[in-house]
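# A closer look at the structure
The chain contents come next:
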Amino acid sequence: MRVNPNPLPDLLSALEQTQQQINTDEQQVASGQSVNVPSDNPANAAMLVQNANQTAETDQYLRSIGSIQGEMQNADSTLSSVVTVLQRAISLGTEGANGTNNVSDRQAIANELEGIQSQLVGLANLSYQGNYVFAGTATQTAPYVLDANSPSGVDYVGNSETNQIAVGDNLNVQTNLPGSELFSNSGNDVFQAIQDLITSLQSGTNISGAVGEVSSAYNYINTQRVFYGNAIDQLNTQQTYLNSETTQLAQQQTNLGGTNLPQAITNLESSETADQATLEVISQTQQNNLFSYLGR
Amino acid sequence: MSSLNASLATALSGLQAEQGALEATTNNVANANTPGYSREVPVLETSDPVTIGSLTFGTGVTLESIESIRDPILESQIQQETQTQGQLNSLVSALQQTQTTFSSTTGDIGTAISNFFSSINQLATSPADLSLRQGVLTAADNLASAFNAAANNLTEQRTNLDDSVEQTVGQINQLTGQIAQLNGQINQAENAGGTGGTLIDQRTELIDQLSSLVDVSVIPTGNTLTLTTAAGTALVAGQQSFQLSTQTNSSGEQDVYSGSTDITSTIVSGQLGGILQARDQQIPSLQNQLDTLAAGLANAVNGVQTAGYDLNGAQGTDLFAPPPGGGAGAAASMSVAITDPSLIAASSDGTSGDNSNANAMYALSNQAIVDGQSPSDYYSGIVFNVGNAVSNATAEQSASNLMLQQLDDQRSAVSGVSLNEEAANMIQYQQAYAASAQVITAINDMMYDVINMTTLTT
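Residues numbered from 1 in each chain as written. Chains lettered and ligands numbered in written order. Predicted model: local features only at pLDDT ≥ 70, side-chain atom pairs only at ≥ 80, totals over all residues.

### Considering the domain arrangement of chain B
Residue and element names in this part refer to chain B. Put simply, the rule reads: Note: domain ranges come from an automatic or database domain assignment. Any two residues are considered in contact once their C-beta atoms, placed from the backbone, lie within 7 Å. Basically, the charged four are Asp, Glu, Lys and Arg, the nonpolar ten are Ala, Val, Leu, Ile, Met, Phe, Trp, Tyr, Cys and Pro, and anything else, Gly included, counts as polar.
In terms of domain boundaries, chain B breaks down into domain 1 (4-69 + 418-451) and domain 2 (77-405). One C-alpha centre belongs to domain 1, the other to domain 2, and the line joining them spans 64 Å. Contact with domain 1, which involves 7 residues of that partner, is made by 7 residues of domain 2. Each residue belonging to the side of domain 1 that touches domain 2 can be placed in one class, and the counts come to 3 nonpolar, 4 polar and no charged.

Put into structure tokens, the structure is as follows:
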């Protein structure tokens, strides 16, 4: 049986393969990626695309949460100021209800209350990064304008719409409370209450009734603040969840497409050894044949 | 009773036969590294004996022929495998180029899609903010650019493959011409009583080269060979070669013709088969998927955009230029139709601070807007398809290479020149030659004796 008298092509082909393996291992070590092109691992490459998409989504949700937290915290602290102002109004009103006051005393209190009314309008017209926060969705115009002809002394020119925003795959949060619900809710209109207190001080009648109106407006605002408190809590919780999602997604990315560096370096070393061995075999395969022994 | 002259003739035949046999050895050694060379073996036959009276005398040895040792079945298998290898080589090469377009980089389509939807979610936090609106336009531009670039890469690849079609057809024609010529020479040699010998080796080598280019069927016909494609189109018949040509088709690409028949779809193997498969099936399929994604995205976004109201309270207009009907070319032509950021329709009721339409646009990222899948799911499907095609073709290529290597080893075992063998043969023939020469010398002495038998010595 004849054997193949020319083994060199096979050896060269083996050399090519060891070279190819070295190239692959080097690339994995250098890039830190085991999936550099889709064919390296098609299924993982596809999952890496989705992983990248989810990571980008999560990052964006975190960014949006940051933006809304800023606005909500501003709104909440503004409401805190409103509450403080209303407390002042109540104590003024209580003072005015004291029978020892005369007309000019009551007028003085009424004047201070007018100042408080303006203050409240200013607070209700809070603007954060170019948007009026309590205007519903008509955010480009100040929601409250002074109007001497209006029974409450102000007009609400915003709307009663609310916005939502997606901060998670199945999580939308409401981002605003319109002034129509917060400050000029019929039955709990804070401006109407202040106006009524001013009027009653000026006329001297039913001051304690008016003070009661301001008190219930004060209570109402306090209850409404809960919305912001809850929303901020919810956003914080979601933020924590998304942060841990980010870590998990990063871990998944490494699992799918990262190089196990110690393993890859070991592979590279053994590939280089195999290559070296093949080279030595080729060089040792001297084509000794009978002709060299015929002494010619 | 024999004669000295007869003995001389017999010994002489030995000299000539051994010398002729040595020719074969010499040729083998000279061609030890010639690709496709089949070793030659001298066929020595005893010459017909003569009978004189009751004695039969041999008349020496004849060098009947010098045969090339080759295995036609092996050669046929090698040709088949060469075709497969040629096809896989060009297919893998084309697909590997294609998949770089879909590898993850900072500018790839997957990233651009994510960034686009991120910009919309950000817009929803403050829909009247002009810089956020501009952010959406920029992200939309980047998305369109990513699609344009990918589509252009695929088109460019198709063009390159198209050029290769023409080149390969040229090479095929050259080879078939040479084979036809060799057929003529071989025919002549065999009609004159000889064998084709090394001419047949040359022809086999050319057929192997042709096999790597196109699928070839070899049919021995009488003294010669007929070559056709696997589908039966004639390439070579005897001394005649049938040239293939290319014609531009309605898509501006080259179709392969034999005479006036379009044979493009019948070529399935060899380099040409691989090129055509990549150009006419694999890449168009990818272009199709890309277009489906681009059109699906553009149409869905436009649908939401036109259902809402922009910053000025007017009804929204298309964000992306409407893709071509049917979708073909959607990726190459994708562009943003809006330059004024206030025209983005974030609002559902015309109020500038309402973000419901922006929310609806963001929600598209997880809706089945592209052939029943979300955009990023569909894109990940494309990535998988490309990677899988390359991975499968590469695996087949490795298997084919291994098979071809084994077949080549077998052919080498049958037909390869072993220098050890040739050296041993050389010793053999040389010694036999020397022995015959000694015999001739002895006969010469005997003749001298005869001639000088009756010389008187004085």
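Now that the structure is up, let's keep going.
### Here's the deal with the nonpolar core
For the record, the criterion: For our purposes the nonpolar core covers buried Ala, Val, Leu, Ile, Met, Phe, Trp, Tyr and Cys residues that link as a set through C-beta atoms within 7 Å. For every residue, the other C-beta atoms within 10 Å of its own C-beta are counted; 20 or more classify it as buried, 12 or fewer as exposed, and values in between as partly exposed. C-beta atoms are placed from the backbone. Secondary structure is summarised from DSSP: a helix means a run of H or I of at least four residues, a strand means a run of E of at least two, and numbering begins at the N terminus for each.
Counting residues in each nonpolar core, the largest one holds 140 residues, and the members touching the most others are A:Ile194, A:Leu197, B:Phe147 and B:Ala294. Examining the composition of this core, we find that 20 residues originate from one element, helix H4 (residues 130-191) of chain B, more than from any other. With residues up to four places along the chain from it excluded, the contact list for A:Ile194 reads A:Ala89, A:Leu113, A:Ile116, A:Gln117, A:Leu120 and A:Val214. Core analysis: the second largest hydrophobic core is formed by 5 residues, B:Ala17, B:Ala24, B:Val61 and B:Tyr429 among them.

### Things to note about helix H10 (residues 419-451) of chain B
Residues and elements named next belong to chain B. Definition in use: Expected helix span is taken as 1.5 Å per residue step, with the number of steps being one fewer than the number of residues.
An ideal rise of 1.5 Å per residue puts 48 Å on 33 residues; H10 measures up with 47 Å between its terminal C-alpha atoms. Of all the positions in H10, only Glu-422, Tyr-429 and Ser-436 are classed as buried. Lining the buried residues of H10 we find helix H1 (4-30).

### A closer look at the interface of chain A and chain B
With 45 residues of chain A in contact, the opposing surface of chain B contributes 50 residues. Broken down by secondary-structure element, the contributors of at least two residues to the side of chain A that touches chain B are helix H1 (8-31), helix H2 (42-97), strand S5 (164-168) and helix H8 (290-293) of chain A. Among the elements that line the side of chain A that touches chain B, the one with the most residues is H2(A), at 16 residues. Residues of the side of chain A that touches chain B, tallied by class, amount to 21 nonpolar, 19 polar and 5 charged.

### Re the sheet that holds strand S5 (residues 217-221) of chain B
All names here are of chain B. The condition that has to hold: Think of it this way: DSSP has to see at least two bridges between two strands before they count as a pair.
Strand order in this open sheet of 4 strands is S5-S6-S7-S8, and the pairing throughout is antiparallel. Strand pairing shows two members of the sheet lacking a second neighbour, S5 and strand S8 (240-241), which therefore form its edges. Two elements, strand S6 (residues 224-228) and strand S7 (residues 234-237), share 3 bridges in a ladder whose sense is antiparallel. What sits directly across from Leu-227, in S7, is Val-236.

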